[in-house]
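For reference, the chains in residue letters:
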Amino acid sequence: LEYGIEPRMLTDYIGPAFHHPYDNAVRRPNRVVHGNRSTVALNGVPRVGPMDWHTLISLRQDEVARAFHEATVYYDAQPGGMPGRDRMPREAALCGCYPVILNVGAAATGDVPFIETYPHDKLVQGMEDALSGRYDMLAFHAYLEWIREAEKRFREEVHNVFVAAPAPWRKKKW
């Protein structure tokens, strides 16, 4: 802690491209979207009923948002390996797509609050529950509210890091 500087949190938020309203009453097709890294893990997950699997590779931001709006589940069997908030589960949730996430990496550190993350042997059950609408709707809405409030938290963090933080190096004569 050179110069008496204490570490402070600085997170991010999801921009407006994913904040479009969706109609939760509209029945979506049994479509599962997943990132490229999840493809490897898909080989060990049996298909749950009739469903379409779509990989999110080389898509523009608006195409990813549309894919999330048209899907029921976002599947992530290999979330980030470091603590920190993965963007795709948050983007998917804002589009009404329920995230089914393996409980490893960032998901194992509490960086995906409110919604359940799954150990490998429970992923299939998580997929079945999400596709049939059997999940904790209150927790999902709490997750959505937490995501929507992220920009406000980010602005407060920026203020705390760059404005309100003590700057003892300013007193030092160079």
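Residues numbered from 1 in each chain as written. Predicted model: local features only at pLDDT ≥ 70, side-chain atom pairs only at ≥ 80, totals over all residues. Heavy atoms only, no water.

J.: Please clarify how the packing of helix 5 (residues 137–148) against helix 6 (residues 150–163) should be interpreted in this entry.
T.: Geometrically, a packed helix pair is captured by the angle between its two axes and the distance between the axes. Two elements in contact, helix 5 and helix 6, have axes separated by 4 Å at closest approach and are oriented at 40°. Relative to helix 6, the element helix 5 is oriented oblique. Packed against helix 5, whose contacting residues are W146, I147 and R148, the element helix 6 presents A150, E151 and R153 at the interface. For the contact of helix 5 with helix 6, a count of residues per class yields three nonpolar, no polar and three charged. (Axes fitted to C-alpha atoms, helices over the stretch in contact; angles between N-to-C directions. Helix = DSSP H or I, 4+ residues; strand = E, 2+ residues; numbered from the N terminus. Parallel < 35°, antiparallel > 145°, perpendicular 65-115°, else oblique. Contact = heavy atoms within 4.5 Å. Nonpolar A, V, L, I, M, F, W, Y, C, P; charged D, E, K, R; others polar.)

J.: Would you mind going over the environment of Y135 with me for this structure?
T.: Position of Y135 relative to the elements: it lies in the loop between helix 4 (123–132) and helix 5. Separated by 37 residues in sequence, Y135 and Y98 place their C-alpha atoms 9.1 Å apart. Beyond its immediate sequence surroundings of up to four residues, Y135 is in contact with Y98, D129, A130 and F140.

J.: What am I meant to see in helix 5 here?
T.: Since the α-helix packs 3.6 residues into each turn, any two residues three or four apart lie on the same face. With 12 residues, helix 5 extends 16 Å between its outermost C-alpha atoms, agreeing within 8% with the 16 Å of an ideal straight helix rising 1.5 Å per residue. What helix 5 keeps buried is the set A139, F140, Y143, L144, W146 and I147. With its buried residues spanning 160° around the axis, helix 5 presents them on a single face. Buried residues along helix 5 sit against helix 3 (87–94), strand 4 (98–101) and helix 6. For helix 5, the N-terminal capping position is held by D136, with its side-chain oxygen 3.1 Å away from the main-chain nitrogen of L138. (Expected span 1.5 Å × (residues − 1). Buried < 20%, exposed > 50% of the residue type's maximum accessible area, 1.4 Å probe, protein only. Arc of directions from axis to C-beta. Polar contact = N/O pair within 3.5 Å; in protein donor to acceptor, adjacent residues only side chain to side chain.)

J.: Teacher, can you tell me more about the sheet that holds strand 2 (residues 52–56) here?
T.: Sheet strands line up and pair through hydrogen bonds in the backbone, either parallel or antiparallel. Strands sit in the order 2-1-3-4 across an open sheet of four strands; the sheet is parallel. Whereas interior strands pair on both sides, the edge strands pair on one side only; in this sheet they are strand 2 and strand 4. Across this sheet, the average inter-strand angle for adjacent strands is 25°, counted without regard to direction. Sheet topology places strand 1 (residues 31–35) next to strand 2; five bridges connect them, and they run parallel. The partner of V33 across the bridge, within strand 2, is H54. (Pairing = 2+ DSSP bridges.)

J.: Teacher, can you tell me more about the packing of aromatic side chains here?
T.: Any pair of aromatic rings gets described here by the distance separating the centres and the angle formed by the planes. Following the criterion strictly, the structure yields eight aromatic pairs and no others. Considering the side-chain rings of Y98 and F140, the 5.3 Å spacing of their centres and the 50° angle between planes classify their relative orientation as tilted. With Y98 in strand 4 and F140 in helix 5, this pair connects stretches of sequence that are 42 residues apart. Per residue, the accessibility class of Y98 equals that of F140, and both read buried. Judged by centre distance (5.8 Å) and plane angle (75°), the ring pair of Y135 and F140 falls under edge-to-face. (Phe/Tyr/Trp six-rings, centres within 6.5 Å; stacked < 30°, edge-to-face > 60°.)

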